[in-house]
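# Residue-level structural notes
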Amino acid sequence: MSDVALKYGDDISTDLIIAGKYTKTLNLQDLVDHAMEDIDPDFLSRVGDGAVLVAGKYFGCGSSREQAPVALKAAGIKVVLASSFARIFFRNAINIGLPIMECDTSSISDGDRIDFDIGTGTVTNVTTGAVIQAKPLPDNMVKILSAGGVVEYLKEQGSF
Amino acid sequence: MGGQTIAQKILSSHSGARAEVGEIVVCDIDLVMGHDANGPMAIRAFEKMGGTRVTNPEKVVFVMDHMGPAPFEKAANLQAVCRNFAAEQGTQFMTIGEGVSHQIMAERGMARPGGLVLGSDSHTCTLGAFGAFATGVGATDLAACLLTGRNWFRVPETLKITFEGKLDPGCSTKDVILYVVGRVGADGGNYKSFEFYGDWLEDIGTADHMTLANMLVEMGCKCGFVCHSNLGIEADPDAVYAEETVIDLTRIEPGLAKPHTVDNYAPISELVGMKVDQGFLGSCTNGRIEDIRIVAAILAGRKIHEDVRFIVTPASKAVHIQAMAEGHIATLMEAGAVFFTPGCGGCVGTHGGVPADGEVVISSANRNFRGRMGNSKASIYLASPASVAAAMLTGVVTDPRMLAEQEGAHV
């Protein structure tokens with residue numbers, strides 16, 4: 001079970017993930033239609049039925065817009081791998097149930113086949129055979145992600 | 001057990017236990033802000049959580065600042081979602097044209113020293129100028145606050161930045177913070193709290209303190225504090241800092257952030273003469289009365305260059321009215337400026353100043369990411385209000401200090 005890696009560079013801002021002019025909606029498809037379009041016009045066709053988004057440092061910097069992880073998840077991104085994440089994106093992604101893994105992504109190339117295991121924190125590059133260990137998530141974030149996001153977590157728990 | 005930083009103190013007082021760096025703590029929130037761009041998503045998430053009544057509605061405010069007046073029907077409908085929810089739940093509500101949330105929360109004294117503020121906007125950190133632990137979150141985190149009145153925090157490390165020396169009077173606070181962002185890097189403060197120190201903080205005013213705090217998030221910071229003597233909260237003398245940095249103010253000259261990252265700093269001397277197409281004065285960074293006064297002083301009795309457009313968006317209605325009372329609106333309009341409704345539209349690319357393909361914008365706002373102002377084929381240079389005004393006069397990037405010298409020569 002593996003998915004294709006779509007690789008991008010450093011400092012991908014939430015403005016690039018979904019431009020501010022497209023966030024004024026509650027319709028998921030409106031967000032999907034414009035996800036990543038300024039950086040990769042072929043993004044949606046490349047995601048196909050599902051893909052792994054791979055980036056360098058400081059992925060998701062800038063605006064706190066939660067539409068950014070929401071757009072990626074709804075577009076079919078199964079996990080985001082980056083060498084580091086901006087703080088608010090990191091939190092938003094976990095909150096909406098989009099898995100993210102902080103790991104050294106330098107050895108992953110665009111088009112590689114990737115397998116990942118959130119539980120063990122391992123990322124396997126099926127194309128090269130390399131195994132990368134991700135930084136573990138704090139326990140409370142593992143619980144939120146396991147529930148499927150904060151909505152489900154609070155439905156179950158009532159409070160933090 | 002060492003002393004505590006300001007961030008630790010505030011998270012301790014709001015969680016009921018001493019907050020150690022790296023711990024996860026759950027805190028009661030003093031003020032929750034949602035705006036028209038992210039508020040509706042938060043309201044939907046609140047409903048999906050099974051929420052029916054907002055906890056502490058008096059501590060919640062919805063601000064219609066990202067798209068006012070509504071430029072298209074989706075925007076109008078999203079504002080209606082917020083308006084109806086606020087009325088049903090008895091929360092505070094601030095309508096279109098009141099201004100940018102951070103500015104109006106400041107004007108109304110809603111952030112207090114030692115308080116804990118969460119807003120669905122990354123520039124919520126601006127309220128660190130008033131001694132509050134103020135940080136930006138997404139819609140679902142906001143929904144969690146609406147439901148429970150609380151949220152969880154990882155207790156951040158703190159970076160201490162001390163300003164030393166005297167600043168050239170031809171430079172402004174924006175020049176300083178652009179330099180700092182360039183030095184620290186766009187991710188240099190990721191997850192961290194900052195504390196700014198130095199005698200210079202006593203010499204500058206509240207508007208400047210807000211400009212400094214506003215751009216903390218451009219270094220990734222969670223929150224930060226401008227530690228002047230009247231802040232109303234202070235760190236323990238033996239607080240432990242992750243890092244300490246000194247900024248020598250005497251080395252600073254007017255500067256800009258080049259496209260497409262905020263830490264892509266250049267002193268203005270490297271860019272003088274570059275043609276610009278549009279100027280923008282506004283935003284939670286530099287849209288205050290102090291900024292308008294600076295620009296009006298430069299443009300008084302003159303015309304902007306025929307090849308540029310100059311868009312001014314006061315940070316709030318109160319700022320707009322004050323500028324009118326002081327005569328600056330007429331000064332700027334006679335010079336050729338165009339005014340837009342107080343709010344965020346121009347900075348965030350909703351409306352109120354979208355540039356054309358290939359154009360260059362010089363802006364007093366806080367972000368120059370590709371596509372930020374609504375067109376990914378435009379380039380945004382961030383600068384001080386004085387540098388924006390100087391470029392509007394000449395049509396090219398111009399050191400505002402040179403303009404002052406030319407003025408002197410005329411006299």
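As a convention, each chain's residues are numbered from 1 in the sequence order in which they are written. Written order decides the labels, with chains lettered from A and ligands numbered from 1. pLDDT decides what is reported in this predicted model: residues at 70 or higher carry local features, side-chain atom pairs at 80 or more are listed and counted, and totals for whole chains, interfaces and linings draw on all residues regardless.

As a further point, take the overall build of chain B. For chain B, the helix and strand inventory stands at 15 helices and 18 strands. Taken along the three principal axes of its C-alpha coordinates, chain B extends 65 × 55 × 40 Å. Helix numbering and strand numbering both begin at the N terminus, where a helix is a DSSP run of H or I of at least 4 residues and a strand a DSSP run of E of at least 2.

Here we take up the interface of chain B and chain A. Note that contacts rest on C-beta atoms placed from the backbone: two residues are in contact if these are within 7 Å. Contact with chain B, which involves 48 residues of that partner, is made by 37 residues of chain A. Of all the secondary structure elements, the ones that give two or more residues to the side of chain B that touches chain A are β1 (24-28), α2 (39-48), α3 (73-89), α5 (139-148) and β7 (150-154) of chain B. Among the elements that make up the side of chain B that touches chain A, the one with the highest residue count is α5 of chain B (6 residues).

With that out of the way, let us pick up the pairing of strand β18 (residues 379-382) of chain B. Residues and elements named next belong to chain B. With burial as the criterion, each face of β18 is covered, one bearing S379 and Y381 and the other bearing I380 and L382. With 4 bridges joining them, strand β17 (residues 360-363) and β18 adopt parallel strand pairing. Across the sheet, the residue bridging to S363 is L382, located in β18. Labels follow a simple rule on C-beta atoms placed from the backbone: if 20 or more others lie within 10 Å of a residue's own, it is buried; if 12 or fewer, it is exposed; otherwise it is partly exposed. DSSP calls a pair of strands paired once it identifies at least 2 bridges connecting them.

A word on the packing of helix α6 (residues 139-147) of chain A against helix α7 (residues 150-157) of chain A. Residue and element names in this part refer to chain A. Every axis corresponds to a line fitted to the C-alpha atoms, with the helix fit spanning only the stretch in contact, and the corresponding angles, defined between N-to-C directions, vary from 0 to 180 degrees. Following both chains from N to C, one finds α6 and α7 inclined at 95°, their axes separated by 7 Å at the closest point. The pairing of α6 with α7 is recorded here as roughly perpendicular in orientation. Residues K143, I144 and A147 of α6 pack against V150, E152, Y153 and E156 of α7. Basically, the charged four are Asp, Glu, Lys and Arg, the nonpolar ten are Ala, Val, Leu, Ile, Met, Phe, Trp, Tyr, Cys and Pro, and anything else, Gly included, counts as polar. Its residues assigned to classes, the contact of α6 with α7 comprises 4 nonpolar, no polar and 3 charged. Throughout, the term roughly parallel applies to angles under 35 degrees, roughly antiparallel to angles over 145, roughly perpendicular to angles from 65 to 115, and oblique to all others.

Before going further, it helps to spend a moment on the sheet that holds strand β4 (residues 100-102) of chain A. Residues and elements named next belong to chain A. The strand order across the open sheet built from 7 strands is β4-β3-β2-β1-β5-β6-β7, with neighbouring strands paired in mixed fashion. The strands lining the two open edges of the sheet, one partner per strand, are β4 and β7 (131-133). Averaged over all pairs of adjacent strands, the angle between strand axes in this sheet comes to 30°, irrespective of strand direction. Bridge analysis of strand β2 (residues 51-55) against strand β3 (residues 77-82) gives 5 bridges, and the strand direction is parallel. The partner of V54 across the bridge, within β3, is L81.

This brings us to the pairing of strand β6 (residues 122-125) of chain A. Residues and elements named next belong to chain A. Residue alternation in β6 divides its side chains into a buried set, V123 and N125, and an unburied set, T122 and T124. Between strand β5 (residues 113-117) and β6, which pair antiparallel and follow one another directly, the connecting turn spans 4 residues, one of which, G121, has a positive phi of 75°. With 3 bridges connecting them, β6 and β7 associate as antiparallel partners. The partner of T122 across the bridge, within β7, is Q133.

Another aspect to go through is unusual backbone geometry. Note: most peptide bonds trans; most residues except glycine with negative phi. Following G68 of chain B, the chain continues to P69 of chain B via a peptide bond in cis, the omega torsion being -15°. Looking at the element boundaries, P69 of chain B is found in the loop between β3 (60-63) and α3. Look at the link from P259 of chain B to H260 of chain B: it is a cis peptide, with omega at -5°. When you line up the elements, H260 of chain B lands in the loop between β12 (255-257) and β13 (265-267). The backbone of Y58 of chain A shows a phi angle near 60°, a positive value even though the residue is not glycine. Positive phi is not limited to glycine here, since Y191 of chain B has a value of about 70°. Turning to its location among the elements, Y191 of chain B is positioned in the loop between α6 (173-184) and β9 (193-197).

Residues and elements named next belong to chain B. The buried fraction of helix α1 (residues 6-15) is high, at 8 of 10 residues. I6, A7, Q8, K9, I10, L11, H14 and S15 are the residues of α1 that are buried. The positive-phi residue at the C-terminal boundary of α1 is G16, with phi of around 85°.

Residues and elements named next belong to chain B. Structurally, P267 is set in strand β13. Given 18 C-beta atoms within a 10 Å radius, P267 is considered partly exposed. For the pair P267 and A106, spaced 161 residues apart in the sequence, the C-alpha separation amounts to 31 Å.

What follows is about the domain arrangement of chain B. All names here are of chain B. Residue ranges for the domains originate in an automatic or database domain assignment. Under the domain assignment used here, chain B contains domain 1 (6-154), domain 2 (158-255) and domain 3 (256-410). Each of domain 1 and domain 3 was reduced to a C-alpha centroid, and the two centroids are 29 Å apart. Across the boundary between the two partners, domain 1 contributes 17 residues, which contact 16 residues of domain 3.

This part covers the packing of α7 of chain A against α5 of chain B. Close contact between α7 of chain A and α5 of chain B brings their axes to 10 Å; oriented N to C, the two are set at 20°. The orientation of α7 of chain A relative to α5 of chain B falls into the category roughly parallel. In terms of crossing hand, the pair formed by α7 of chain A and α5 of chain B is right-handed. Contacts between α7 of chain A and α5 of chain B pair V150, V151 and L154 of chain A from the former with T140, A144 and L147 of chain B from the latter. Class assignment of the residues belonging to the contact of α7 of chain A with α5 of chain B gives a composition of 5 nonpolar, 1 polar and no charged. Helix crossings get a hand from a simple test, with the near helix turned counterclockwise from the far one by less than a right angle marking a left-handed crossing and a clockwise turn marking a right-handed one.

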